[in-house]
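# Overview (structure and organization)
What follows is each chain in one-letter form.
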Amino acid sequence: MDNSSSPLKTESLSKSRKCQTVELSALEKQLINLLQHGLPVCERPFAQIAEEISSTEQAVIECLTKLRSEKVLTRFGPMFDAASLGGAFTLAALAVPEADFDFVTEQVNSFEQIAHNYRRDHDFNMWFVIATESAEEIEKVVQAIETKTGLKVLNVPKLKEFYVNLYLPV
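A brief structural summary. Here the residue index of a chain counts from 1 through its sequence in written order. Local features are withheld for residues below a pLDDT of 70 in this predicted model, meaning they are given only at 70 or higher, and side-chain atom pairs are given and counted only at 80 or more; totals for whole chains, interfaces and linings count all residues. Excluding hydrogens and water, the side-chain figures rest on all heavy atoms present in the structure.

## Things to note about the pairing of strand β3 (residues 88-94)
Test applied: Partly exposed describes any residue whose relative accessible area lies between the buried limit of under 20% and the exposed limit of over 50%, with all areas from a 1.4 Å probe on protein chains only and scaled to the type maximum. Secondary structure elements follow DSSP: runs of H or I of four or more residues count as helices, runs of E of two or more count as strands, with numbering from the N terminus. Strand pairing is defined by DSSP finding a minimum of two bridges between the two strands.
The buried fraction of β3 is high, at five of seven residues. By the bridge criterion, seven bridges tie β3 to strand β5 (residues 126-132) in an arrangement that is antiparallel. Within the sheet, the bridge partner assigned to Ala 88 lies in β5 and is Thr 132. Across three bridges, the pairing between β3 and strand β6 (residues 154-156) is antiparallel.

Right, here's the structure in full:
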């Protein structure tokens, strides 16, 4: 399978940021669309997927590996409900001075409890998820981040969960 036909393009979003976009092959689009609905639970899930889309197990694995290495897929794995497993999570944000953004990103990401970290165009320009083994640990991590960064964390815990069945076809 030749994946060299996925050239990276750069589009300017602002003076300080750039976003890379890719042109996806037919196989890449098929996989992204199919896998948004889940991964088969069987001995050889990639072989089953390959059969569904008239490909080969090796081509599917190579394609997914490429999508991960190019950061088209930033995460590939199961989604667990932390609360049902006894854990906890919260959405949090920081208002980070632009000059310090990269340094603060490293500081925040140094915590093993940080599951995701995103930059946003807002006063609160860094948003991240804190996932812990217990609800009590959330506040300890928030305090530790505040101590390490010198910034006040906005803690936005989930009040109610809504299942929206998000599907983004490509």
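## Observations regarding a nonpolar patch on the surface
Keep this limit in mind: Two joining distances apply to patches: 9 Å for like charges and 5 Å for nonpolar side chains (Val, Leu, Ile, Met, Phe, Trp, Tyr), and every residue must have over 30% relative accessible area and no salt bridge. For accessible areas, the Shrake-Rupley method is used with a probe of radius 1.4 Å. Any residue's cover is judged against the shown protein chains and nothing else. Put simply, a salt bridge is a Lys or Arg side-chain nitrogen that is within 4 Å of an Asp or Glu carboxyl oxygen.
Side chains of Phe 162, Val 164, Leu 166 and Leu 168 sit close together on the surface and give an oily, nonpolar patch of about 480 Å² of accessible area. One can find Leu 168 in the segment after β6.

## Observations concerning the nonpolar core
Inside soluble globular proteins, nonpolar side chains tend to come together where they are buried. What counts is decided by this rule: By nonpolar core we mean a set of buried residues, namely Ala, Val, Leu, Ile, Met, Phe, Trp, Tyr and Cys, connected to one another through side-chain atoms within 4.5 Å. We call two residues in contact when some of their heavy atoms are within 4.5 Å.
Counting residues in hydrophobic clusters, the biggest one holds 18 residues, and the most contacted among them are Leu 94, Val 108, Met 126, Phe 128, Ile 130 and Ile 145. When contributions to this core are tallied by element, the ones reaching two or more residues are β3, α4 (101-109), β5 and α5 (135-149). When residues of this core are assigned to their parent elements, the largest contribution, four residues, is made by α5. Apart from the residues within four sequence positions on either side, Leu 94 is in contact with Val 104, Val 108, Asp 123, Phe 124, Asn 125, Met 126, Phe 128, Ile 145, Leu 151, Lys 152 and Val 153. Counting 13 residues, the second largest nonpolar core, distinct from the first, contains Leu 27, Ile 32, Ala 59 and Leu 73.

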